[in-house]
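Coordinates in review
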Amino acid sequence: MADDEQKQAVQAAIDGELRLLDPEVRAVPALVLELLDPEFAEFGASGRRWDMDSILTVTSSGSVSAESPVEVSEMSGVLLAPGVVHLTYFADNQGRRAWRSSLWRLTETGWRMYFHQGTLTD
């Protein structure tokens, strides 16, 4: 795969990740569904296992607001295989700080988050 294709794949995953953190996107379950793989799963920073239904409940509950958006830093990604991108970054959500890791895969309808994990940090 050409370097340019790799960069485009990583950028598509980054764009999707940032959209999922956008309070306006999170408030609309249909927009969140466009970004999550049908087989989506998450191990949250809380230690809880999330599936599609439970994550839609929390994203639409206003857990992230426009007045206090999640602050993201150190985001980077790597193409693991054709159609599979791994992202890592640091997120601060109103003082709740965590390292985040996501797997994105290319589907017939575009890039979708397949798996996500958060690990709290000091």
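Now for a description of the structure that goes with this document. In this text, all values refer to a predicted model and were calculated from it rather than measured experimentally.

Conventions used here
- Residues numbered from 1 in each chain as written.
- Predicted model: local features only at pLDDT ≥ 70, side-chain atom pairs only at ≥ 80, totals over all residues.
- Heavy atoms only, no water.
- Helix = DSSP H or I, 4+ residues; strand = E, 2+ residues; numbered from the N terminus.
- Rg over C-alpha atoms; globule rule 2.2 N^0.38 Å.
- Buried < 20%, exposed > 50% of the residue type's maximum accessible area, 1.4 Å probe, protein only.
- Contact = heavy atoms within 4.5 Å.
- Areas by Shrake-Rupley, 256 points an atom, 1.4 Å probe, with all protein chains shown as cover.
- Pairing = 2+ DSSP bridges.
- Axes fitted to C-alpha atoms, helices over the stretch in contact; angles between N-to-C directions.
- 1 Å grid on protein atoms, 1.4 Å probe; cavity = no way out; pocket = protein on both sides within 12 Å on 5 of 7 lines; lining within 4 Å.
- Points joined across faces, edges and corners; volume = space filled by probe spheres on them.
- Nonpolar A, V, L, I, M, F, W, Y, C, P; charged D, E, K, R; others polar.

Here's the deal with the overall build of the chain
In terms of regular secondary structure, the chain is built from 4 helices and 6 strands. Listed by position from the N terminus, the elements making up the chain come as α-α-α-β-β-α-β-β-β-β. Taken over C-alpha atoms, the radius of gyration comes to 14 Å for the chain, in line with the 14 Å a tight globule of 122 residues would show. The buried share of the chain, taken over its 122 residues, is 38%. Summarising the internal contacts of the chain: among those between residues at least 6 apart in sequence, 46% fall at separations of at least 24. Carbon and sulfur atoms provide 52% of the accessible area of the chain, an area that totals close to 6900 Å².

Focus: the sheet that holds strand E2 (residues 49–50)
In a beta sheet, neighbouring strands are held together by backbone hydrogen bonds and run either parallel or antiparallel to one another. Read across the open sheet, the 6 strands follow the order E2-E1-E6-E5-E4-E3; overall the sheet is mixed. The strands lining the two open edges of the sheet, one partner per strand, are E2 and strand E3 (71–81). Sitting on the sheet, helix H1 (residues 3–21) is in contact with strand E1 (36–43), E3, strand E4 (84–93), strand E5 (96–107) and strand E6 (110–120), with an inclination near 140° to E3. The sheet strands contacting helix H4 (residues 52–59) are E1 and E2, and the helix crosses E1 at an angle near 75°.

Thoughts on the layout of surface pockets
The volume enclosed by the largest pocket comes to roughly 530 Å³. Those elements that place two or more of their residues in the lining of the largest pocket are H1, E1, H4, E4, E5 and E6. When grouped by side-chain class, the residues that make up the lining of the largest pocket number 15 nonpolar, 6 polar and 5 charged.

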